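Letter by letter, the chains look like this.
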Amino acid sequence: MRDPFILAGNEVRAGSRQLINLPMPDLSSQTSIHMPVHVLHGKSDGPVLFVSAAIHGDELNGIEIIRQVLASRTMTRIKGTLIAVPVVNAYGLIQVSRYLPDRRDLNRVFPGSDNGSLAARLAKLFMQEIVSVSTHGIDLHTGSGHRTNLPQIRADLDDPETQRLARRFGVPVILNSSVRDGSLRGSASEMGIPILLYEAGEALRYNDMAIRAGVTGILNVMRALDMLPASRAARSREKDPFVARSSRWLRAPESGMFRADVGLGAQVSRGDIVGHIASASDGVRHEIRSQHDGVIIGRMELPVVHEGDAVLHLARFRDDIDEVGSHVESFQLDHENEEQRDA
């Protein structure tokens, strides 16, 4: 029998699963608060994959993604070990806020420290108890600031293993993204741990397509790591994603009321009108034109904007743009059809 898995002093026997509550600093009311960690320890050896969500407390899709992954019947056949953390930033979740009570962004203070701010201490706890015992990682996010994202993977594709897993995740677009100082992805990468960042949907809102794609993607990665049995049906549906060579935000030319003329996944050409800014006082409209060929992967959902605000996120590709657009459309239709079958 395989040895037990040790996490924060807790033993999880092979072939079992356990919920471990990691103590975090108390709330100001001295109410105790914990980070819930689900450990599924397979009977056979294999990788140790962590999946984390709600590093930003207002990003909720990942919480539901992890719930559905844990509820999947195929988890009874797991090899290796899955560490699932549905809520990293419980403080932010309680306050329905992206940030911690000290107004810091948790994803800017990794790897943290034992003697720093509340955010730094929480980051150090996660690195010490979760990341340090893992071989791979997936971090789940949504758009922020009233922006919604097309399902996409952001990863350092210069690392062969990270690129392999990014392609197997199963979303149509991958952004070759360098790591940011202070991020979980950056700190994990420095430890030699391949990590994917999944972006999809909008803060404070569930998005069924984003959730379905996230669940499928995690299972695909686990199959790629031989943590789950291969699935012929899953492999038959997989299509090679397109890697964006760059991306940029189109910005509001004036302050006013924003209305997008294109949806997520829309294929646009240079010079196309992609939205308008209307004056709230006299109704005069200003066009927003795309400066490049590409696909819309992010969009502002709040109509009220100021001059210079980022309103549409455009990914650019070396591939045939028509082929990219067709692939994204097929991906969206596939997941919409899944919703209809379950209705």
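Residues numbered from 1 in each chain as written. Predicted model: local features only at pLDDT ≥ 70, side-chain atom pairs only at ≥ 80, totals over all residues. Heavy atoms only, no water.

Caption draft 1: Layout of the pairing of strand 14 (residues 273-278). A large share of strand 14 lies buried, amounting to five of its six residues. Sheet analysis places strand 14 next to strand 15 (residues 285-289), joined by five bridges and oriented antiparallel. In the strand pairing of strand 15, Ile277 is matched with His286. Hairpin geometry of strand 14 and strand 15 is characterised by an intervening segment of six residues between the two adjacent antiparallel strands and by a positive phi of about 80° at Gly283. (Buried < 20%, exposed > 50% of the residue type's maximum accessible area, 1.4 Å probe, protein only. Helix = DSSP H or I, 4+ residues; strand = E, 2+ residues; numbered from the N terminus. Pairing = 2+ DSSP bridges.)

Caption draft 2: Quick look at the packing of aromatic side chains. Applying the stated criterion to the full structure yields three aromatic pairs. Ring centres 5.8 Å apart and planes at 85° place the aromatic pair Phe50 and Phe126 in the edge-to-face group. Highlighted residues: Phe50 in strand 5 (residues 48-52) and Phe126 in helix 3 (residues 118-129), separated in sequence by 76 residues. No difference in accessibility class separates Phe50 from Phe126, as the two residues are buried. Linked through ring pairs, Phe50, Phe110 and Phe126 together constitute an aromatic cluster. (Phe/Tyr/Trp six-rings, centres within 6.5 Å; stacked < 30°, edge-to-face > 60°.)

Caption draft 3: Just the environment of Val173, in detail. Position of Val173 among the secondary structure elements: in strand 9 (residues 173-176). Residue classification places Val173 among the buried residues on the basis of a relative accessible area of 0%. Sequence separation between Val173 and Val324 is 151 residues, and the spatial gap between their C-alpha atoms is 8.5 Å. Those residues in contact with Val173 that sit more than four places away from it in its chain are Leu150, Gln152, Ile153, Phe242, Ile297, Phe317 and Val328. (Contact = heavy atoms within 4.5 Å.)

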